[in-house]
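Here is what each chain is made of, one letter per residue.
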Amino acid sequence: MVGTLLLLLSAATNTGHHVQAHGAGIIEDSGKFYMIGEDKTDGSAFQNINCYSSTNLVEWTFENALLTQQPSGDLGPNRVVERPKVIYNDATSTYVMYLHIDSSNYGEAKVGVATSDTVCGDYNYHGSYRPLGFESRDIGLFKDDDGSAYLLTEDRPNGLRIDALSDDYLNTTRNVYLWNRNIESPAIWKKNGYYFMFGSLLTGWDPNDNVYSYATSLSGPWSPWKEFADDGANTYSSQTSFILPWGDSAIYMGDRWKSSNLMRSTYVWLPLELTGTTDIWLKNRVNWVPDAKSRTWAPGPSESRYEGEAATLSGGAVKASCSGCSGSSVIGYLGGPDAGRLEWTGVRSDATTRTTLRIRHLNGDSKERRATVSVNGIEQQVAFLPSENMNTPASASVHCDLKAGSANTIVISTSDGSWAPDIDQVFVPLS
Ligand SMILES: *[C@@H]1O[C@H](CO)[C@@H](O)[C@H](O)[C@H]1NC(C)=O
């Protein structure tokens, strides 16, 4: 019962709001994955550090805001609080979070530390410091097999550093390695005795061709940096955030930042492919299927496409033109006072399965729109992020159960008079 994991995470299963966990890290705890990242609902400045849980990496449930905005101080208004990463300290039985802490002009360049007794409980903020006295902007954490842990930190005047943490993980004790090069968004993956450091070049919110380096010891020697995705594809328009070990390989987790409206930044998750001992490649994919039990993955199924203009419309729903949409048309006025409604019948699946639909939509607002998506009578609230403009569709994903055969029905509407997004088309997995 594994769905199709998509490039685009959509609504959390229990809130109907889009997942807000940017610059995230993942920690596994008692058989669950916890994703901890930044809430960018209202722009760049700090709002919350959010935690979501999942058992399959596909469907995520909102758990808690681990840190929330305070009246003043490091976590006050107009502060930079970015890239939270959490590791567990076995000796102190404590979850330790590191964050990039900064003033709005990025002049402070510090790390913050917070701790909790439970992975997604309220965290106790301990304050901030410059690790070993050096500037620190983007950060990552790495916990080695022997329990020793390391801060990965971008020091703008000097380069990318690996600093050892104290036994309680609350302080840095010594520098382990310094690359005399500015690499940000650092993340380490260890496999078969090799350490792989991933990171991005410095191009602000815009993506670039991210790179990796490897070594058999954290203190080096490290290999020259090289790209791991198609040259010129800017890591498929994303920036490294975290590398999640996954069986024989790992999953690349990146952020597709949208600097003009950060809340509509999305998540690019793709399987890394390791050939031999050190050759890593990331291939772009529309969809793929992770299996959390076996820690394997498979290419995604092929999909059928159903156009909005081929659906049955009722209420106020009307067809409109959209130059970037499939068939140059889109269905608008869904929801609203006239209860616009779109219904696809005869939707085919070759299997009775839980799966993921991809819906292409337009939303000209600066905030998400919501719609009720009903699949075979089972309704869920789905969030649709703003699109680039009213001629370039964005994507949302919906996890649902399909029956084998051609008797599936998908309905999009709203029940509260609010406006749904305009709908271009839906992609439905065949198997
Ligand atoms: C952290 O370590 C530095 C030296 O690496 C030391 O100067 C500082 O006092 C330590 N901080 C705490 C709170 O122990």
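Residues numbered from 1 in each chain as written. Predicted model: local features only at pLDDT ≥ 70, side-chain atom pairs only at ≥ 80, totals over all residues. Heavy atoms only, no water.

- Per an unreviewed UniProt entry, the recorded name for the chain is Related to glycosyl hydrolase family 43 protein, and the organism is Cephalotrichum gorgonifer.

**Considering the nonpolar core**
Piece 1. With 35 residues, the main nonpolar core has Ile-26, Met-35, Phe-198, Leu-244, Trp-269 and Leu-272 as its most contacted residues.
Piece 2. Those elements that place two or more of their residues in this core are strand 2 (22-29), strand 3 (32-38), strand 14 (184-191), strand 15 (194-200), strand 18 (239-246), strand 19 (249-256), strand 20 (266-275) and strand 21 (279-282).
Piece 3. No other element matches the five residues that strand 20 contributes to this core.
Piece 4. Within the second largest apolar cluster, 25 residues are counted, among which are Trp-344, Val-347, Ala-396 and Val-426. (Core = buried A, V, L, I, M, F, W, Y, C linked by side-chain atoms within 4.5 Å. Buried < 20%, exposed > 50% of the residue type's maximum accessible area, 1.4 Å probe, protein only. Helix = DSSP H or I, 4+ residues; strand = E, 2+ residues; numbered from the N terminus.)

**Section: the sheet that holds strand 33 (residues 405-413)**
Paired through backbone hydrogen bonds, the strands of a sheet run either parallel or antiparallel to each other.
Piece 1. Taking strand neighbours across the sheet as the criterion, the five strands line up as 25-28-33-30-31 in an open arrangement whose pairing is antiparallel. On the outer flanks of this sheet lie strand 25 (312-314) and strand 31 (378-384), each paired with one strand and no other. If you compare each strand with its neighbour and ignore which way they point, the axes differ by 25° on average.
Piece 2. Note that strand 30 (residues 369-375) and strand 33 share four bridges and pair antiparallel. Pairing of Thr-372 across the sheet is with Ser-413, part of strand 33. (Pairing = 2+ DSSP bridges. Axes fitted to C-alpha atoms, helices over the stretch in contact; angles between N-to-C directions.)

**Overview of the environment of His-17**
Piece 1. Of note, His-17 is situated in the loop between strand 1 (5-6) and strand 2.
Piece 2. Of the residues examined, His-17 reaches a relative accessible area of 39% and is grouped as partly exposed.
Piece 3. Once the C-alpha coordinates of His-17 and Phe-384 are considered, the two residues, 367 residues apart in sequence, prove to be 8.5 Å apart.
Piece 4. A polar side-chain atom of His-17 sits 2.3 Å from a polar atom in the side chain of Glu-368. (Polar contact = N/O pair within 3.5 Å; in protein donor to acceptor, adjacent residues only side chain to side chain.)

**A short note on the domain arrangement of the chain**
Piece 1. For the chain, the domain assignment lists domain 1 (5-292) and domain 2 (303-429).
Piece 2. Using only C-alpha atoms to locate each centre, domain 1 and domain 2 end up separated by 33 Å.
Piece 3. The partner domain 2 presents 20 residues to the 20 residues of domain 1 that form the contact.
Piece 4. Interface of domain 1 and domain 2: buried area, both sides summed, is about 1600 Å²; carbon and sulfur atoms make up 52% of it.
Piece 5. One salt bridge connects Glu-388 with Lys-258, and the closest N-O pair in it is separated by 3.8 Å.
Piece 6. Linking domain 1 with domain 2 are 10 residue pairs in polar contact (both at pLDDT 80 or more), by the criterion used here.
Piece 7. Of the residues assigned to the side of domain 1 that touches domain 2, the class counts are seven nonpolar, nine polar and four charged. (Domains from an automatic or database assignment. Contact = heavy atoms within 4.5 Å. Buried area = accessible area lost by both parts, 1.4 Å probe. Salt bridge = Lys/Arg side-chain N within 4 Å of Asp/Glu carboxyl O. Nonpolar A, V, L, I, M, F, W, Y, C, P; charged D, E, K, R; others polar.)

**Observations regarding the site of the ligand**
Piece 1. Residues in contact with the ligand, as listed here, are Leu-132, Asn-171 and Thr-172.
Piece 2. Separating an oxygen atom of the ligand from a side-chain N or O atom of Asn-171 is a distance of 2.4 Å.
Piece 3. At a separation of 3.3 Å, an oxygen atom of the ligand approaches a polar backbone atom of Thr-172.
Piece 4. Computed on the free molecule, the ligand has an accessible area of 360 Å², of which 24% lies beneath the protein chains in the complex. (Near = heavy atom within 4 Å. Areas by Shrake-Rupley, 256 points an atom, 1.4 Å probe, with all protein chains shown as cover.)

**Side note on the sheet that holds strand 5 (residues 61-68)**
Piece 1. The strand order across the open sheet built from four strands is 2-3-4-5, with neighbouring strands paired in antiparallel fashion. Every other strand in the sheet has two partners, leaving strand 2 and strand 5 as the edge strands with one partner each. Here the average twist between neighbouring strands, direction ignored, is 25°.
Piece 2. Where strand 2 lies against strand 3, six bridges are found, and the strand directions are antiparallel. Paired with Ile-27 across the two strands is Tyr-34, which belongs to strand 3.

**Structural notes on the state of the cysteines**
Piece 1. Applying the stated rule across the entire model yields two disulfides.
Piece 2. There is a disulfide in this structure between Cys-51 and Cys-120, and the S-S distance comes to 1.7 Å. Here Cys-120 lies in the loop between strand 8 (110-116) and strand 9 (124-129) and Cys-51 lies in strand 4 (residues 48-54), a separation of 69 residues in the sequence. The exposure classification of Cys-51 matches that of Cys-120, with both residues buried.
Piece 3. Here Cys-322 is linked by a disulfide to Cys-325, with a sulfur-sulfur distance of 2.1 Å. Taking the torsion about the S-S bond as the criterion, the Cys-322 to Cys-325 disulfide, at about 75°, is right-handed.
Piece 4. Here Cys-322 falls in the buried class, since its relative accessible area comes to 1%.
Piece 5. Numbered in order of appearance, the disulfide-bonded cysteines of the chain are paired 1-2, 3-4. (Disulfide = S-S within 2.5 Å.)

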